[in-house]
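# Coordinate inspection notes
Residue strings, one per chain:
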Amino acid sequence: MAWWKIHKRDKPGSTGGAVLASAAIITRDQVRSVVGKGQEWQAQGWDFYRTVSELKSGVRWAANGCSRARLYIGRIDPDGSSKPTPVDAEAEDLSPDLVARLLAPLEELAGGQLGQSEMLRRFSVHLDVPGESYLVGFDDPASGERRWLVCSPSEVTSTGGGSTIRVQLPESQSARVELSLDNCTLIRLWRPDDEYAYLPDSPLNGLQDPLRELRGLTAHVLATVDSRLAGAGMGVMSDDVVPAAPQQADGANPVHSDPVTAALIEAMAASLRDRDSASALVPLLLRVPGSVKDKFEWHSFATELDSNLLPLREAAIKRLAIGLDMPPEVLTGLADTNHWNAWIISDDSIKLHLEPKLGLIAEALTDRYFRPAWEALGIPDPENWACWYDTSELRQRPNQAPEAAEAHARGAISDAAYLRVLGFSAEDMPDEDEQRRRLLVQLATTNAQLAPAALEALGVRLPGVEQAAATDAVRAPVEISRVAPAVEAPVRDEPPALPIAASAVLDDGWRMNCLDLAVRRALARAGNWLLSRAGRARRGELSHVPVHQVHMHVSADQADLDGILGDAYREFHASTPGEECLHAAVDLYVRRLLLTGIAHERGLLAGHLAAAGCDRAAA
């Protein structure tokens, strides 16, 4: 689908103007009044940009920062308290077809992520110099390929009485294309003037005087240096003075009829022809009869560099740095900072200088490009989605490995994010078999209770595994029920003790219900602990998950289990005194669930208790 066809007409009832004060689709009625109507300060801004190196450095600093941002599609937060949530994070709740339709316009725009980086860079330069830019989308008549160009106001002109535009292509000076407004998309994006929002504005609009001052001071320095190298001055000599006899003849065409004048001109011109020539520094030798006093005088017109010149130029650079949309320290340097607050300056520069500009660009693209495309693709409620920017790569510190390791251990970031911080890719991740083997090896070497089962899963068979699994706990009597006391007890509501022959029905009986409740309470306590360590976004994703099943989504570490389950069995132990083997078996079962992320089931619990050998009735 040619996306430019989607943007050609506003909805019925629309005035055809800009919904935003910073973006508009240029129609045939507007092209003659907008396109090519540059202002004088914009032309001067481009002139200063090419001639003042400090200005060019600052503008490119901001442009390079914007180019490192990444555009993405996300769902808008209803309360506006956070950035749009990326589609990738909600892929589980969205159909693959909906995700593909949401991402299709982004994948086409400017040729994908690499082209979008250059697009953001040029947008930034245009907003900082002339204050406006044009996004042109069309099907190339030569190749038939779809192209998106970011053009300055100088590269787009109106032709054909406003029915067509001429676009300067980046290939060469003579490469131009004429496009009908019916067959292309022309989106104007500008930084609105504070008084008249329809006019563009940029920091250079108020920096004409500092820029002119800086350029004038630089020109004065260069002129002074050149004049001193040229040996400015005048020699006054008597008619009796004649030059020394040359080593070679002057030739058929001497430089000057007066040999003294010719020799002086030759000496002064030597430094202009070659700055590195030794003749520029060798004095001119003259011979005079008698005493040289009152025969020769030299008058120098060389201008000494003013001692206030360099401070004046530094002051002009400081005024320029303050006026530009960037941290002044970028131009003036970080001499007054150290490595502790340099990072704060960098972080503030992203928040206060780059992100507002990126927000203007993202909002303009959302309103004038993406939402019309989503409506044409049948996206329900396109106003709930937006194109936004991600500046995480700009904010990354040189070494985030310690913070990433801690966040990964607590389940706050994914494996892929942890690998990105360490400089690895998803291809370096171990597969499921390798992860299972590593987990079993860790269990076998760190937990004596789980070691027999882990070794068996690894293929290492030991004699008497079932008996060894119960050696860490004191064995209880085989039967759950106790011998009834001789004295007849009063009648209560509690279920009677059952003989061993009735153990087949105990799996659904009162004792298994009690053990099931103890396990669920322990898992719920662990789930609350895991949620408290996760971030707000992660807690929101798990809001629908029962708390005793959180361990299936957020993994727990072996080192944290003792703290997690510290008081998890208080009621269980109080209600079953003397059942040390049963207590140990239930705790071991819960720990296995937390480490492996397996859901709790009554059958698994019964099988575990039977293998432990301390509650045959539960089997």
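These figures come from a predicted structure and were not determined experimentally.

### Side note on the overall build of the chain
Along the backbone of the chain there are 22 helices and 14 strands. Considering the chain as a whole, with its 619 residues, one finds that 37% of them fall into the buried category. If you take every contact in the chain between residues at least 6 apart in sequence, the share linking residues at least 24 apart comes to 67%.

### Re the pairing of strand β8 (residues 176–180)
Only one face of β8 is buried: it carries Val177 and Leu179, and the other face, with Arg176, Glu178 and Ser180, is open. Pairing between strand β7 (residues 164–168) and β8: 5 bridges, direction antiparallel. Among the inter-strand pairings, Val167 is bridged to a residue of β8, identified as Val177.

### Concerning unusual backbone geometry
The phi dihedral of Ala110 is positive, around 60°, even though this residue is not glycine. By the element assignment, Ala110 lies in the loop between α4 (96–108) and α5 (113–128). In this model, Asp381 sits at a positive phi of 50°, which is unusual for a non-glycine residue. The topology assignment puts Asp381 in the loop between α10 (342–376) and β14 (385–390). Overall, the relative accessible area of 45% leaves Asp381 in the partly exposed class.

### Points about the sheet that holds strand β3 (residues 85–86)
By definition, the strands of a sheet pair up through backbone hydrogen bonds, in either a parallel or an antiparallel sense. Sheet architecture is open: 3 strands sit in the order β3-β2-β14, paired in antiparallel fashion. With partners counted over all chains shown, the strands left at the sheet margins are β3 and β14, one partner each.

### Concerning the sheet that holds strand β6 (residues 156–159)
Read from one edge to the other, the open sheet built from 3 strands follows the order β6-β7-β8, with strand pairing classed as antiparallel. Strand pairing shows two members of the sheet lacking a second neighbour, β6 and β8, which therefore form its edges. Going across the sheet, the axis of each strand differs from the next one's by a mean of 30°, ignoring polarity.

### Focus: the nonpolar core
Among the nonpolar cores identified, the biggest contains 41 residues, and Leu71, Ile73, Leu109, Met119, Leu135, Leu365 and Phe370 are the most heavily contacted of them. Where this core is concerned, the elements lending two or more residues are α3 (53–67), β2 (70–75), α4, α5, β5 (146–151), β9 (184–190), α10 and β14. Take this core: its biggest share by element is 11 residues, from α10. Non-local contacts of Leu135, meaning those with residues more than four positions away in its chain, are made with Leu109, Phe123, Trp148, Leu149, Val150, Thr185, Leu186, Ile187 and Leu365.

### Comments concerning the packing of aromatic side chains
Applying the stated criterion to the full structure yields 7 aromatic pairs. Members of the aromatic cluster, each reached through a chain of ring pairs, are Trp148, Tyr369, Phe370 and Trp374. We note Arg188 situated over the ring of Trp190; from NZ or CZ to the ring centre the distance is 4.1 Å.

### Examining the packing of α3 against α5
α5 packs onto α3 with a crossing angle of 145° between their chain directions and a minimal axis gap of 8 Å. Viewed along their axes, α3 and α5 form a crossing whose handedness is right-handed. Two secondary-structure elements touch here, α3 through Val59, Ala62, Ala63, Asn64, Cys66 and Ser67 and α5 through Ser117, Leu120, Arg121, Ser124, Val125 and Asp128. Its residues assigned to classes, the contact of α3 with α5 shows 6 nonpolar, 4 polar and 2 charged.

### Description of the environment of His608
Tracing the backbone through its elements, the reader meets His608 in helix α22 (residues 602–612). A C-alpha to C-alpha distance of 7.5 Å links His608 and Ala585, two positions 23 residues apart in sequence. When sequence neighbours within four positions are dropped, the list of residues in contact with His608 reads Ala585, Leu588, Tyr589 and Arg592.

### A closer look at the pattern of salt bridges
Here the structure, examined in full by the defined rule, presents 22 salt bridges. Two residues, Glu171 and Arg147, come together in a salt bridge whose shortest N-O distance is 3.1 Å. Remark: Arg147 occurs in strand β5 and Glu171 occurs in the loop between β7 and β8; sequence separation between them is 24 residues. Where Glu434 meets Arg438, a salt bridge forms, and the shortest distance between an N and an O atom there is 2.7 Å.

### Thoughts on the packing of helix α12 (residues 401–409) against helix α13 (residues 415–422)
Think of two packed helices as two axes; the pair is described by the angle between the axes and how far apart they sit. α13 packs onto α12 with a crossing angle of 170° between their chain directions and a minimal axis gap of 10 Å. If you check the angle between α12 and α13, you find them roughly antiparallel. Both α12 and α13 take part in a crossing whose hand is left-handed. Contacts between α12 and α13 pair Ala401, Ala404, Ala405 and His408 from the former with Asp415, Tyr418, Val421 and Leu422 from the latter. Partitioning the contact of α12 with α13 into residue classes produces 6 nonpolar, 1 polar and 1 charged.

### What about helix α8 (residues 309–323)?
End to end, α8 covers 21 Å across 15 residues, agreeing with the expected 21 Å (1.5 Å per residue, within 8%). Taken residue by residue, α8 has Leu309, Ala316, Ile317, Leu320 and Ala321 as its buried positions. Buried residues of α8, viewed axially, fall in a sector of 140°; they line one side. Facing away from the buried side of α8 by over 90 degrees, the exposed positions are Glu314, Lys318 and Ile322.

### Brief notes about a nonpolar patch on the surface
On the surface, a cluster of nonpolar side chains totalling about 190 Å² of accessible area is made up of Val441, Leu458 and Val460. Note on placement: Leu458 falls in the loop between α15 (451–457) and α16 (465–469).

### Quick word on the environment of Arg436
Mapped onto the fold, Arg436 is located in helix α14 (residues 432–446). Expressed as a C-alpha distance, the spacing of Arg436 and Leu458, which sit 22 residues apart in the sequence, is 9.3 Å.

### Some words on the environment of Ser158
Within the secondary structure, Ser158 is located in strand β6. On the basis of relative accessibility, which here comes to 30%, the residue Ser158 falls in the partly exposed class. It is 6.1 Å that separates the C-alpha atoms of Ser158 and Val35, two residues lying 123 residues apart in sequence.

### Brief notes about the pairing of strand β4 (residues 132–139)
Remark: a regular strand shows side chains that alternate across the two faces of the sheet. Within β4, 7 of the 8 residues are buried, leaving the element largely enclosed by the surrounding structure. Pairing between β4 and β9: 7 bridges, direction antiparallel. Bridging across to β9, Leu135 finds its partner in Ile187. Where β4 meets β5, 6 bridges bridge the pair, whose relative direction is antiparallel.

How each quantity is defined
- Residues numbered from 1 in each chain as written.
- Predicted model: local features only at pLDDT ≥ 70, side-chain atom pairs only at ≥ 80, totals over all residues.
- Heavy atoms only, no water.
- Helix = DSSP H or I, 4+ residues; strand = E, 2+ residues; numbered from the N terminus.
- Buried < 20%, exposed > 50% of the residue type's maximum accessible area, 1.4 Å probe, protein only.
- Contact = heavy atoms within 4.5 Å.
- Pairing = 2+ DSSP bridges.
- Axes fitted to C-alpha atoms, helices over the stretch in contact; angles between N-to-C directions.
- Core = buried A, V, L, I, M, F, W, Y, C linked by side-chain atoms within 4.5 Å.
- Phe/Tyr/Trp six-rings, centres within 6.5 Å; stacked < 30°, edge-to-face > 60°.
- Lys NZ or Arg CZ within 6 Å of the ring centre and 35° of its normal.
- Left-handed = near helix turned anticlockwise from the far one by under 90°.
- Nonpolar A, V, L, I, M, F, W, Y, C, P; charged D, E, K, R; others polar.
- Salt bridge = Lys/Arg side-chain N within 4 Å of Asp/Glu carboxyl O.
- Parallel < 35°, antiparallel > 145°, perpendicular 65-115°, else oblique.
- Expected span 1.5 Å × (residues − 1).
- Arc of directions from axis to C-beta.
- Patch = residues over 30% accessible without salt bridge, like charges linked within 9 Å, V, L, I, M, F, W, Y side chains within 5 Å.
- Areas by Shrake-Rupley, 256 points an atom, 1.4 Å probe, with all protein chains shown as cover.

That is the geometry; function is a separate question.
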